[in-house]
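Single-letter residue listing:
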Amino acid sequence: MTFYNKMIQGSIAVMAPAMLAIAAPASAQEFPLVPGEYSEIGGIYVKDGGTFKYAQFIANEWAKNQKFAKSQGWITDYKIYVNYNPRDGEPNIYLMSTFASLPDAAESEKRSAAYDAWAKKGFAQQAEESGNRAEYRTVKSSMLLQEYTVR
């Protein structure tokens with residue numbers, strides 16, 4: 001069980017009795033929410049004058065990487081969201097990847113090696129390229145969410 005699942009289940013374990021006490025005795029009803037897929041969301045602040053350059057990166061490199069991950073079954077979907085009403089310092093672009101489960105350490109290593117071979121880039125080159133984007137964008141946030149649906 002991952003850290004995130006433990007946190008969510010711990011929160012649910014604390015909240016569930018109180019929520020169920022309102023509706024019915026705990027023994028008369030199962031928990032009304034069902035866990036689903038995960039979404040990792042990166043919040044990006046694009047500096048003035050950098051929008052076109054970052055849009056090119058998203059359309060070319062980021063989308064190509066997401067298509068590869070989807071073809072491997074590592075993710076189920078990916079999306080780009082633009083925040084049209086950002087507050088001061090808030091991200092103005094959100095990049096989201098959705099996946100069914102979190103990989104363990106061995107699977108992460110396997111995926112990393114497969115990606116490096118496909119991209120024909122090692123970690124050092126990838127880190128340098130990411131650093132070069134700092135001239136026009138700043139990563140402001142990262143969230144890992146798990147969807148829950150009503151039973």
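As shown above, the structure is provided for reference.
These numbers were taken from a predicted model, which means no experiment stands behind them. (Residues numbered from 1 in each chain as written. Predicted model: local features only at pLDDT ≥ 70, side-chain atom pairs only at ≥ 80, totals over all residues. Heavy atoms only, no water.)

Caption draft 1: Structural detail: the nonpolar core. Ranked by size, the top nonpolar core spans nine residues in total: I44, V46, Y54, F57, I58, W62, I93, L95 and Y136. Not counting the four nearest positions on each side in its chain, F57 is found in contact with W62, R133 and Y136. Counting residues in hydrophobic clusters, the runner-up holds eight residues, among them Y38, A69, W74 and I75. (Core = buried A, V, L, I, M, F, W, Y, C linked by side-chain atoms within 4.5 Å. Buried < 20%, exposed > 50% of the residue type's maximum accessible area, 1.4 Å probe, protein only. Contact = heavy atoms within 4.5 Å.)

Caption draft 2: Geometry of the packing of aromatic side chains. Per the counting criterion, the structure on display carries eight aromatic pairs. A centroid spacing of 6.4 Å and a plane angle of 55° characterise the contact between F68 and Y115, whose relative ring orientation is tilted. A residue pair is termed long-range when its members are at least 10 positions apart, and F68 in helix α2 (residues 51-71) and Y115 in helix α3 (residues 105-119) qualify at 47 residues. Neither residue differs from the other here; F68 and Y115 are each classed as buried. When the centroid spacing of 5.6 Å and the interplanar angle of 45° are considered together, the rings of Y115 and W118 count as tilted. Within this pair, Y115 and its partner W118 are both found in helix α3, separated by three residues, close to a single helical turn. Residue placement shows R133 over the ring face of F57; its charged tip is 3.9 Å from the ring centre. (Phe/Tyr/Trp six-rings, centres within 6.5 Å; stacked < 30°, edge-to-face > 60°. Helix = DSSP H or I, 4+ residues; strand = E, 2+ residues; numbered from the N terminus. Lys NZ or Arg CZ within 6 Å of the ring centre and 35° of its normal.)

Caption draft 3: Region of the structure containing the pairing of strand β1 (residues 33-46). Bridge count for β1 against strand β4 (residues 137-150) is 12 bridges, and the pairing is antiparallel. Across the sheet, the residue bridging to Y45 is T138, located in β4. As defined by bridge partners, β1 adjoins strand β3 (residues 93-99) across seven bridges and the pair is classed as antiparallel. In the strand pairing of β3, S39 is matched with T98. (Pairing = 2+ DSSP bridges.)

Caption draft 4: Representation of a nonpolar patch on the surface in the model. A cluster of nonpolar side chains, contributed by I80, V82 and Y84, occupies part of the molecular surface with about 360 Å² of accessible area. Note on placement: I80 falls in strand β2 (residues 77-82). By relative accessible area, I80 is classed as partly exposed at 46%. (Patch = residues over 30% accessible without salt bridge, like charges linked within 9 Å, V, L, I, M, F, W, Y side chains within 5 Å. Areas by Shrake-Rupley, 256 points an atom, 1.4 Å probe, with all protein chains shown as cover. Salt bridge = Lys/Arg side-chain N within 4 Å of Asp/Glu carboxyl O.)

Caption draft 5: Just the sheet that holds β2, in detail. One open sheet accounts for four strands, arranged β2-β3-β1-β4; its pairing is antiparallel. Of all the strands in the sheet, the pair left with one neighbour each is β2 and β4. Geometrically, the sheet is characterised by an average inter-axis angle of 20° between neighbouring strands, direction not taken into account. Relative to β3, β2 runs antiparallel, the two sharing six bridges. Across the sheet, residue Y81 finds its bridge partner in β3, namely Y94. (Axes fitted to C-alpha atoms, helices over the stretch in contact; angles between N-to-C directions.)

Caption draft 6: Seen up close, the pattern of salt bridges. The final tally for this structure, using the stated rule, is five salt bridges. Close ionic contact of R151 with E30 constitutes a salt bridge, the shortest N to O distance being 3.6 Å. With a gap of 121 residues between them, R151 in the segment after β4 and E30 in the loop between α1 (3-23) and β1 connect regions that are remote in the sequence. Exposure remark for R151: the relative accessible area of 53% places this residue in the exposed category.

Caption draft 7: Just the side chain of Q66, in detail. By the secondary structure assignment, Q66 is in helix α2. With relative accessibility at 10%, the residue Q66 sits in the buried group. Among all residues touching Q66, those that are not within four sequence positions of it are I75, Y78 and S97.

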